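Chain and residue survey
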Amino acid sequence: MSDREFGGTDDLSLPKATVQKIINEILASPDSETSIAFGKDARDLLIDCCVEFITLISSEANEIAEKESKKTIATEHIDKALRELGFPEYVREVLASAGEMKESLKTREKRTSKMDQSGLTQEELLEQQQALFRSATSKFNQES
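An account of the accompanying structure is given in this report.

Scoring rules and cut-offs
Residues numbered from 1 in each chain as written. Predicted model: local features only at pLDDT ≥ 70, side-chain atom pairs only at ≥ 80, totals over all residues. Heavy atoms only, no water. Salt bridge = Lys/Arg side-chain N within 4 Å of Asp/Glu carboxyl O. Helix = DSSP H or I, 4+ residues; strand = E, 2+ residues; numbered from the N terminus. Buried < 20%, exposed > 50% of the residue type's maximum accessible area, 1.4 Å probe, protein only. Axes fitted to C-alpha atoms, helices over the stretch in contact; angles between N-to-C directions. Parallel < 35°, antiparallel > 145°, perpendicular 65-115°, else oblique. Left-handed = near helix turned anticlockwise from the far one by under 90°. Contact = heavy atoms within 4.5 Å. Phe/Tyr/Trp six-rings, centres within 6.5 Å; stacked < 30°, edge-to-face > 60°. Patch = residues over 30% accessible without salt bridge, like charges linked within 9 Å, V, L, I, M, F, W, Y side chains within 5 Å. Areas by Shrake-Rupley, 256 points an atom, 1.4 Å probe, with all protein chains shown as cover. Disulfide = S-S within 2.5 Å. Nonpolar A, V, L, I, M, F, W, Y, C, P; charged D, E, K, R; others polar.

A look at the pattern of salt bridges
Using the criterion set out here, one finds 6 salt bridges in the structure. Lys80 is paired through a salt bridge with Glu68; the nearest N and O atoms lie 2.6 Å apart. Here Lys80 is found in helix 3 (residues 75–84), whereas its partner Glu68 is found in the loop between helix 2 (40–67) and helix 3, with 12 residues between them in sequence. On the basis of relative accessible area, Lys80 is assigned to the partly exposed category, the value being 36%. Note that Glu103 and Lys106 form a salt bridge whose closest N and O atoms lie 3.4 Å from each other. Highlighted residues: Glu103 and Lys106, both in helix 4 (residues 91–107), separated by 3 residues, approximately one helical turn. On the basis of relative accessible area, Glu103 is assigned to the partly exposed category, the value being 44%. Through salt bridges with shared partners, a single ionic network connects Lys16, Arg43 and Asp44.

Okay, here's the thing in structure tokens:
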């Protein structure tokens, strides 16, 4: 399935700066024996290839999920899609990356709301809000 089915490549892309950073990291790796430049046209072509690959995998994973009557594409659907499309060599790394992401989400600090950060009860916050409204109303009436 091509991204053209989704309205063309104009609205599908990857951040050029991010792709360039990845390219620079690869070119600067210790395994690289020579210094090679990567042209902007080559980077843009690489971005197009990546978008096409992502579209291909996600479309296949979507079809697999639909066959299983699932409404959410899960990791196992990506696994099956990679295998069915002839990319089994990517499965191990993709699953490892998914596991790392899952672990990092577990240990990530939970965001607290401003209400929780205030240390005040709901009643105290409501009283403060009402006092601010009274003050604003008073100022508005004096200026009128």
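Considering the packing of helix 2 against helix 3
Two elements in contact, helix 2 and helix 3, have axes separated by 8 Å at closest approach and are oriented at 115 degrees. Looking at the two axes, helix 2 sits roughly perpendicular to helix 3. For the pair helix 2 and helix 3, the sense of crossing is right-handed. Residues Phe53, Ile57, Glu60, Ala61, Ile64 and Ala65 of helix 2 form the contact with helix 3, whose participating residues are His77, Ile78, Lys80, Ala81, Leu82 and Glu84.

Quick look at the packing of aromatic side chains
Under the defined criterion, the tally for this structure stands at 3 aromatic pairs. Taken together, a centroid distance of 5.1 Å and an interplanar angle of 85 degrees make the contact between Phe53 and Phe87 edge-to-face. On the criterion of sequence distance, the pair formed by Phe53 in helix 2 and Phe87 in the loop between helix 3 and helix 4 is long-range, its members being 34 residues apart. On the accessibility criterion, Phe53 (31% relative accessible area) is partly exposed.

A look at a nonpolar patch on the surface
A cluster of nonpolar side chains, Phe53, Ile54, Tyr90 and Val94, forms an exposed patch at the surface whose accessible area comes to about 330 Å². Mapped onto the secondary structure, Val94 falls in helix 4. On the accessibility criterion, Val94 (32% relative accessible area) is partly exposed.

Description of unusual backbone geometry
Non-glycine residue Ser69 carries a positive phi angle of around 60 degrees. Note on placement: Ser69 falls in the loop between helix 2 and helix 3.

Describing the state of the cysteines
One pass over the full model with this rule turns up 0 disulfides. Of all cysteine sulfurs, the one in Cys50 lies closest to Cys49, which takes part in no disulfide; the gap is 6.9 Å. A relative accessible area of 29% means that Cys50 is categorised as partly exposed.

A short note on the packing of helix 1 (residues 16–27) against helix 2
Direction vectors running N to C along helix 1 and helix 2 enclose 105 degrees, while the axes themselves pass 10 Å from each other. As far as their axial angle goes, helix 2 and helix 1 are roughly perpendicular. For the pair formed by helix 1 and helix 2, the contact residues are Lys16, Val19, Gln20 and Ile23 on the first element and Arg43, Asp44, Leu46 and Ile47 on the second. Across the contact of helix 1 with helix 2, the residue classes tally to 4 nonpolar, 1 polar and 3 charged.

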